[in-house]
Amino acid sequence: MNEDVRNIVLGVLATGVSAAIGWLGRTYQWRRRLRRKQAFFGLPAGSECLLVVNREVGGDNVVHRIDVFALLELSALVKDCGAQARILAHDAAHQGFGDRTEFCLGGPYSNRRTAAHLATLLPGVTMNVDVQPSEVRQAITIGAERYSMEKGVSEYVILARLMAGEGGRPVFLFCGQTAITNQAATRYLARHYDALARRHRSGSFVLLLKVVNSQAYGPDVVELVADVTSAARTAPVAAPAAT
């Protein structure tokens, strides 16, 4: 074998080794990101989760079309983790939490499951569910702070990851003042789960998000108002009884 042929062979081998190392490195990074994503969502490959759907206010067991878009985004997220989703109506979810990851969509006015989770897991959060229009209709109160919406201009949604029950699987809440805010929260979670996982590790968190000018931008322009985990999980102090 002359010098030129040997150099060509060595060059081909070096290229092949470099390509193999690069492929292995990319595969390792991909699998690492996937494991981190599965751990954050509590969705190991082959597992099952619940998508608890609400109903459109004033409708007869009809899901708002914008909430359908939110469900599609959550379904894609579940599929990426190699898990399967089971869709369940909010008034048919008669079971505890922790055994399976749960994604609960909608506020307490349209989702009984959300109402139960707020009362049990987030006692510091209340949401106005009055039917008649008023200044405080659908306002979210967290601790001593109240957040009222201006429809289409500034609307609020609670995005929460709650670790509860014995199974160790999280409950995700998307509790918004309007359907567009529910979708905004699901999209925010899908885009920022990696940063949220690093910041909150494996624990619970409750975030208050503000959807800006949804009538122009839809669910895409979202601001993080505050991390309200402590206030949301602290029950209000009962007023002393009159004597």
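Procedures and definitions
Per chain, residue numbering runs from 1 following the sequence as it is written. Residue-level local features of this predicted model are given only where pLDDT is at least 70; pairs of side-chain atoms are given and counted only at 80 or more, and the full residue set underlies all totals for whole chains, interfaces and linings. Computation of side-chain values: all heavy atoms of the structure, hydrogens and water removed. Put simply, DSSP marks the helices as runs of H or I at least four residues long and the strands as runs of E at least two long, and each gets a number from the N terminus on. Burial classification: accessible surface area is computed with a 1.4 Å probe over protein chains only, and a residue below 20% of its type maximum counts as buried, one above 50% as exposed, and the rest as partly exposed. To measure how exposed things are, a 1.4 Å probe is used in the Shrake-Rupley method; for residues, cover is taken only from the protein chains shown. For two strands to count as paired, DSSP must find a minimum of two bridges between them. Lines fitted to C-alpha atoms define the axes, with helix axes restricted to the stretch in contact, and inter-axis angles between N-to-C directions lie between 0 and 180 degrees. Residue contacts follow a heavy-atom distance rule, with two residues in contact if any of their heavy atoms lie within 4.5 Å. An expected span of 1.5 Å times one less than the residue number is assigned to each helix. This arc describes the spread of directions from the helix axis toward the C-beta atoms. For patch detection, residues must exceed 30% relative accessible area and be free of salt bridges, and they are connected within 9 Å for like charges or within 5 Å for nonpolar side chains (Val, Leu, Ile, Met, Phe, Trp, Tyr). Salt bridges are counted wherever a side-chain nitrogen of Lys or Arg sits within 4 Å of a carboxyl oxygen of Asp or Glu. pLDDT measures the predictor's confidence residue by residue and takes values from 0 up to 100. Stacked, edge-to-face and tilted labels apply to pairs of Phe, Tyr and Trp rings (six-membered ring for Trp) whose centres lie within 6.5 Å, assigned for plane angles under 30 degrees, over 60, and everything in between, in that order. Charge-over-ring placement is defined geometrically: NZ (Lys) or CZ (Arg) within 6 Å of the ring centre, and within 35 degrees of the ring normal. Here a polar contact is taken to be a pair of N or O atoms separated by no more than 3.5 Å, where protein atoms must pair a possible hydrogen donor with a possible acceptor and residues adjacent in sequence count only if both atoms sit in side chains.

Undergrad: So, the overall build of the chain: which residues are in play, and what are the values?
TA: In terms of helices and strands, the chain carries six helices and 10 strands. Looking at the chain as a whole, 42% of its 243 residues qualify as buried. Within the structure as shown, the chain displays about 13200 Å² of accessible surface, and the carbon and sulfur contribution to it stands at 54%.

Undergrad: How would you explain the sheet that holds strand 3 (residues 102-105) if you had to name every residue and give the values?
TA: Taken in spatial order, the seven strands make up an open sheet running 2-1-3-8-7-9-10, and their pairing is mixed. If you trace the sheet from one side to the other, it starts and ends with strand 2 (84-89) and strand 10 (222-227), each paired once. Adjacent strand axes in the sheet meet at a mean angle of 20° when their direction is disregarded. Bridge count for strand 3 against strand 8 (residues 170-176) is four bridges, and the pairing is parallel. Looking across to strand 8, one finds that Glu102 is bridged to Val171. Along the sheet, helix 2 (residues 65-80) contacts strand 1 (48-53), strand 2, strand 3 and strand 8; its crossing angle with strand 3, the most-contacted strand, is approximately 165°.

Undergrad: So what's going on with helix 2? Which residues, and what values?
TA: Relative to the 22 Å expected for 16 residues at 1.5 Å per residue, helix 2 spans 23 Å between its end C-alpha atoms, a close match to the ideal helical length. Those residues of helix 2 that fall on the buried side of the exposure criterion are Ile66, Asp67, Ala70, Leu71, Leu74, Leu77 and Val78. Projected onto a plane normal to the axis of helix 2, the buried residues spread over an arc of 150° and lie on a single side. Pointing more than 90 degrees away from the buried face of helix 2 are the exposed residues Arg65, Leu72 and Lys79. Positive backbone phi, approximately 80°, marks Gly82, located one or two places after helix 2.

Undergrad: Let's hear about a nonpolar patch on the surface: which residues, and what values?
TA: Residues Val68, Phe69 and Leu72 make up a contiguous nonpolar surface patch of about 250 Å² in total accessible area. Within the secondary structure, Leu72 sits in helix 2.

Undergrad: Run through the confidence of the model for the chain, naming residues and quoting values.
TA: Across the chain, the average pLDDT comes to 84, with 80% of residues at or above 70. Per-element confidence in the chain is highest for strand 9 (residues 205-212), whose mean pLDDT is 96, and lowest for helix 1 (residues 3-41), whose mean pLDDT is 70.

Undergrad: I'd love a proper account of the sheet that holds strand 4 (residues 125-127), names of residues and values included.
TA: With respect to topology, three strands assemble into an open sheet ordered 4-5-6, the strand pairing being antiparallel. Edge positions in the sheet fall to strand 4 and strand 6 (145-147), since each of these pairs with one other strand and no more. Taking the axes of each pair of neighbouring strands and ignoring which way they run, one obtains an average angle of 20° across the sheet. Summarising the sheet, strand 4 and strand 5 (residues 140-142) pair through three bridges and their orientation is antiparallel. Of the residues in strand 5, the one forming a bridge with Met127 is Ile140.

Undergrad: Residues and numbers for the packing of aromatic side chains, please.
TA: Tallied over the full model, the rule gives 10 aromatic pairs. On the numbers, 4.9 Å between centres and 80° between planes, the contact of Phe40 with Phe41 is edge-to-face. Take Phe40: its relative accessible area is 3%, and that puts it in the buried class. Given a relative accessible area of 0%, Phe41 falls into the buried group. For the pair Tyr147 and Tyr156, a centre-to-centre distance of 5.4 Å together with 55° between the ring planes defines the contact as tilted. Just as Tyr147 is buried, Tyr156 falls in that class too. Chaining the aromatic ring pairs together yields one cluster made of Phe40, Phe41, Phe103, Phe172, Phe174, Tyr193 and Phe205. If you follow Arg161 out to its NZ or CZ, it ends over the ring of Phe40, 4.8 Å from the centre.

Undergrad: Help me get a handle on the side chain of Thr229, residues and values and all.
TA: Of note, Thr229 is situated in helix 6 (residues 229-232). Side-chain polar atoms of Thr229 contact the backbone nitrogen of Val206, separated by 2.9 Å. Leave out the neighbours within four places in its chain, and Thr229 touches Ser204, Phe205 and Val206.

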